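Chain and residue survey
These are the residues of each chain, in order.
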Amino acid sequence: MNLLPKSSDEFGSSDYWEGFFKKRGDKSFEWYGEYNQLCGIIHKYVKVTDKILMVGCGNSDLSANMYDVGYKDLTSIDISDVAIRQMIQKNHSQRPDLQFIQMDMKQMEFRDDLYNVVVDKGTLDAILTDASEAVLWEVDKMFAEISRVLKVGGRYLCISLAQDHIINKLLTYFSKEGWPICVHRLDDESDVKPGEQFKLPVFVFILTKFRRMPNAPKIFEVAYTEDQVERVEALDDMKKSVKALQHYALVRHNLQNKNQSGKHLSVSLYSPTITAPRYTLYVVDGERSMNKFAIFIIPQGRENEWLFGTDMGRDHLSKTVNFERLLVVATHREHKYDNMEQIKSELSAKVMELAPRNPGKAKVPFLSIGDDIGRRTVKHEGNSIDTGDYVIEDVDVDSEVFRRLYFKNNPSTCQSEAKLVKAVVKKKRAKVFTKLIVDPTYLAFQIHVAMVAGLAFMEDFQKIIEEGLDISILGLGGGCLPRYLNTVYPKATIDIVEKDVAMLTVAEDWFGMKPSEFIRPNMCDALDYIERLTHEVGRKHIVMLDIDNKDTKSALVSPPILFMQKDFLKKVDSILHPQGLFIVNLSCQGDARLRSEIIANIRAVFKLVFNKQMVDESNEVIYAISSRRASCQDTLDENKLGKNLQRSVKILQDLIKTRSESGAQQALVTMMEGLEIL
């Protein structure tokens, strides 16, 4: 039996509802939850002594349920004469004082200021089928009538699925009237059956009639539980909270449906007072295990590390701890967290909704690294014309402190990282005073280690080092790469090309990069810079391209596509020394077709091209050898190339040994293993 309308427009017609209730017969129809789900909210906002009007009652048992628990002064109306006759027949003997009247709620016959409470269970959703002018006009009449019959201080309880067009109209209309608004999500503890369609969560809006008072502050509240009601500042914040709860319900449904995998699903939990999420929950489903469910809390400031910040890393973490479902929890810098116990307390009720079926009776463990939640200290916030807002923060990791740069439009990616070490600043009598400074010998990212290791491709590397390397780095960030190169090769001339003045300030003030005769910032567009250098053919030993793509919709994360066109690549090749090398930080985010096109362009210009795929990062490094050198046949001899690389790597290690940490020496050897000729 098909009881759904042919189109959503039919929900607003009396003819549809007449036919609907004839088909349903005497069986009640609860669109939006049973009474045991609604009673907690109803009892909170409706007194037994209140005079109550239920609009659009249909054949729901809600009015009968309320009558049975003590709400005696209750009148129900509906546009359907069939529904009203059914309800009278069903209730007259057991509930003689319960009134049912056939009436159009848009033209009610009751006097003004008669009722303390108006209850609307799905009626607004039935009338407000779309945002057309005609429908909105009908809804305006409905709201005006509700307002008219309510006493000042009376409550309008609107039970709704809160679809976009509905919540926009409801909240906008009554906020303009100056009514305080509170929204509850209806708890639904019923288990989702495998294969069952997703049902939108139900919300209850409590709108209280106030007299209009000019300049009075508007009141918006979100109730995450019956007892936890929090104030939000603006209407948009309330809408975002509803959206977040709807998304959470969808994620929960997908996880409970056995045909859905929990891998790579995530959901954010918001505090009403701040628009940024308070927690992001990543759900990782592993193999079947005796250990069913655990929650892993990422220490503050470590959310973007490979193990916690990537799908691959979280999969690895899940296998390590060996739970059938692992919920990985990330905190956010916009919020304050006092301790681990506070986090556990806030999450305990919510995370259990994401547990797998039959999680067992064992207590669900909270896991982390150590007992501390970690420390994150925001040192500076600023704005870049090119990239927008950014933040610099210091993070404690295993008794060490790291300084990191993030762009707020891409908060999941750490742009630059430096290690801070203690340095003596002055001695006074027997006391030694220290402060934290940037360690210039530290490279945080594999991608940068690989770019440094690429210098080993130059056959006459030792001679070139002695005479003075000439390097151009396109892209600055926090300046960690040029700072490191200047430390290990102090005679090298390093031209930095960056058009964003804000990034130069960040590199100098926060990451220890100081311009000098050997570190020379060029504040200009990298395309224009290379164009100028085409008049100085064969000069550059190394050109490094390390620029992120600002187009966040593109699969090409780095570099921008203009830098991978043949015309630009030919210009780069023309400025390279015969021993020169073009090194590119490339990330195509799994787009194999795009990557193939880019590699084809590079090979068409440089002939001899290698790559090194990063194990723990989604990037790869491309090494393109000067076409003048690549044209020599002996260069293509892999045995000779291997010997040359080994010799050059040894020279690199010796040069770095006295100027950098031992780990950097071994990293160079690792980077030269597993190279692929493209």
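Our structure is the block above this text.
Residues numbered from 1 in each chain as written. Predicted model: local features only at pLDDT ≥ 70, side-chain atom pairs only at ≥ 80, totals over all residues. Heavy atoms only, no water.

Attention now goes to the packing of helix H17 (residues 566–575) against helix H18 (residues 592–606). Two numbers describe how H17 lies on H18: the axes approach to 9 Å, and their chain directions differ by 40 degrees. Regarding the angle of H17 to H18, the classification is oblique. The element H17 and its partner H18 pack so that their crossing is right-handed. Across the interface between the two elements, Lys566, Leu569, Lys570, Val572 and Asp573 from H17 touch Asn601, Ile602, Ala604, Val605 and Phe606 from H18. (Axes fitted to C-alpha atoms, helices over the stretch in contact; angles between N-to-C directions. Helix = DSSP H or I, 4+ residues; strand = E, 2+ residues; numbered from the N terminus. Parallel < 35°, antiparallel > 145°, perpendicular 65-115°, else oblique. Left-handed = near helix turned anticlockwise from the far one by under 90°. Contact = heavy atoms within 4.5 Å.)

Taken together, 5 strands build an open sheet; the order of strands is S10-S11-S13-S12-S14 and the sheet is mixed. In this open sheet, the two edge strands, each paired with only one partner strand, are strand S10 (265–270) and strand S14 (366–367). Direction of pairing for S10 relative to strand S11 (residues 277–285): antiparallel, over a ladder of 6 bridges. Paired with Tyr270 across the strands is Pro277, a residue of S11. In the packing of helix H10 (residues 311–321) onto the sheet, contacts are made with S11, strand S12 (293–297), strand S13 (325–331) and S14, and the angle to S13 comes to roughly 125 degrees. Helix H11 (residues 340–351) contacts S10, S11, S12, S13 and S14 of the sheet and is inclined by roughly 60 degrees relative to S11. (Pairing = 2+ DSSP bridges.)

Judged by how many residues are buried, strand S5 (residues 150–160) sits mostly within the fold: 8 of 11 residues are covered. Bridging between S5 and strand S7 (residues 203–208) involves 6 bridges; their strand directions are antiparallel. Each residue of the ladder has a partner; that of Leu157, found in S7, is Ile206. (Buried < 20%, exposed > 50% of the residue type's maximum accessible area, 1.4 Å probe, protein only.)

Applying the stated criterion to the full structure yields 42 salt bridges. Between Glu303 and Arg376 there is a salt bridge, and its shortest N-O distance comes to 2.4 Å. One end of the pair, Glu303, is in the loop between S12 and helix H9 (306–309); the other, Arg376, is in strand S15 (residues 376–384), with 73 residues separating them in the sequence. Of the two residues examined, Glu303 and Arg376, each falls in the buried class. In this structure, Lys499 and Asp525 form a salt bridge, with 3.7 Å as the shortest nitrogen-oxygen distance. Residue Lys499 is found in the loop between strand S21 (493–497) and helix H15 (501–510), and its partner Asp525 is found in the loop between strand S22 (519–522) and helix H16 (526–533); the two are separated by 26 residues along the sequence. (Salt bridge = Lys/Arg side-chain N within 4 Å of Asp/Glu carboxyl O.)

By themselves, these figures tell us nothing about what the structure is for.
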